[in-house]
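The residues making up each chain are set out below.
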Amino acid sequence: MTRLSRRTIAASIAGVLMPGVLMLSACGSQDRESDTDALRIVGPFEVHSLVPAASSAVFNRLHIIETLVGTDMDGDIVEGLATAWSSSEDQSEWTFELPTGVTFHDGTPLTSEAVANALTWAAQEAGSPLATADIKHIEPLDSAIRIELEQPLPTLPAILTHYSTAVLAPAAYGDNGEVLNVIGTGAYQASHIELPASIRTTKFDDWRGAEPQIERVEFQTVSRAESRALMAASGQVDVIFHLEPSGRQRVESANNVRLVSSLQPRTLYMKVNGEHPVLGDKRVRQAISKGIDRASIADAVLRERELGATQLFPPSLVAWHNDDLAPLDHDPEGAIDLLADAGWTQGANGLMQRDGQPLTVTLMTYPDRPELPALAAAIQDQLRQIGVQVRVDVTNSSEIPVGHEDGTLELGLLARHLALVSDPLVTVADTFGPEGADWGP
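Residues numbered from 1 in each chain as written. Predicted model: local features only at pLDDT ≥ 70, side-chain atom pairs only at ≥ 80, totals over all residues. Heavy atoms only, no water.

### Focus on unusual backbone geometry
With an omega dihedral of 5 degrees, the bond running from Leu195 to Pro196 counts as a cis peptide bond. Secondary-structure assignment places Pro196 in the loop between β9 (188–194) and β10 (198–203). A positive phi angle, close to 65 degrees, is found at Arg303, a residue other than glycine. Within the secondary structure, Arg303 is located in the loop between α7 (294–302) and α8 (332–341). Accessibility expressed as a relative area gives 45% for Arg303, which makes it partly exposed. Residues other than glycine seldom take positive phi values, yet Asp355 does so here, at roughly 55 degrees. For Asp355, the position within the fold is in the loop between β16 (352–354) and β17 (357–358). For Asp355, a relative accessible area of 75% gives the class exposed. (Helix = DSSP H or I, 4+ residues; strand = E, 2+ residues; numbered from the N terminus. Buried < 20%, exposed > 50% of the residue type's maximum accessible area, 1.4 Å probe, protein only.)

Put into structure tokens, the structure is as follows:
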């Protein structure tokens, strides 16, 4: 497995950027409306569902639920709920050993039947990589489960590190597999959940590991980046995730605040509709790529020039990054030549037109990653310089796969973490599948 690096790096498909994930820890003395003894955490992540596959890993990050397999800080696969695993010679059958004496938060025991039940429901969730694993049968054994596959799958343990495969208690599910409550085996149990913005937890007394030193944790969603920066600087909360570069100066100048930056193997890239009447022309797509100055955008928006992307995989994923691949170049004159070759001419207002129609496309993005709208505005400005008029539509992230499905999406600017599953091959297979993908071509 690739060793994750702390270096400042970035990557791209068609010309975008990868930001670092900024994390802040603050100690303040202001009065709080909620439990003053709880660790208060704020982040941009909205939780729209109790289903693990649709929860953005928040329940996993709060240590409420667990997966069979985990990863360490180097990205290597380690034990989760499973204590060991093995496969048949052709890797089409896998066995995962389970611990004894583990209980769910509702007091029921962790059994092989409960694990098989949870994974069976997870395999039916479209947002889970387990749904693409071609599972034939999940069989509970005495103290293990056996997963039989239609074909060999060496990456199954890596897939089981994904947050969507977390194991919930049987009582968490309704008759049709809908998740009615989040009942896990983690160090903390949920005491209050108010979708999409508030989760409170207390430590689980029967947790099998070392006793947590923090009694209670509160998580709150704050979508506006400037609000998070203000909360950090004023000491209203203890930990804040994700700050825009523009908010860092306010936070860095505050007293009793520690700013920690941790870069992730995440890439920002543009998804392009290859069947669009205009974008279906390869020359237009190449012109758009050449019209984007990635390093300048990284410098102006992300405040780190080195984050300008050169290819899909960052150097931190050493087994996947190709050092011999020529970097994506910024060539406005070459872009204009490509558009001219495709039949577009520059009008008096500087915009490209053909048959009396301007070259206008819509770029859709979302505010969940606070840097995306700012990057979209920068891309809009740069493409205007080669005669391409870009309309920016900031909306819900779910609109991008909807637009993919019905063919209305033109351009989509999105962020994708390339190691949510510890083996990037799983993400690659999904992204570049024969039918395309919601977050791929």
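### Let's talk about the sheet that holds strand β6 (residues 93–97)
Taken together, the 4 strands give an open sheet; going across it, the order is β5-β6-β8-β7, and neighbouring strands pair in antiparallel fashion. Every interior strand has two partners, whereas the edge strands, β5 (84–87) and β7 (135–140), have only one. In this sheet, adjacent strand axes meet at a mean angle of 15 degrees when their direction is disregarded. Judged from the 4 bridges that link them, β5 and β6 form a sheet pairing that is antiparallel. Bridge pairing in β6 links Ser87 to Trp94. (Pairing = 2+ DSSP bridges. Axes fitted to C-alpha atoms, helices over the stretch in contact; angles between N-to-C directions.)

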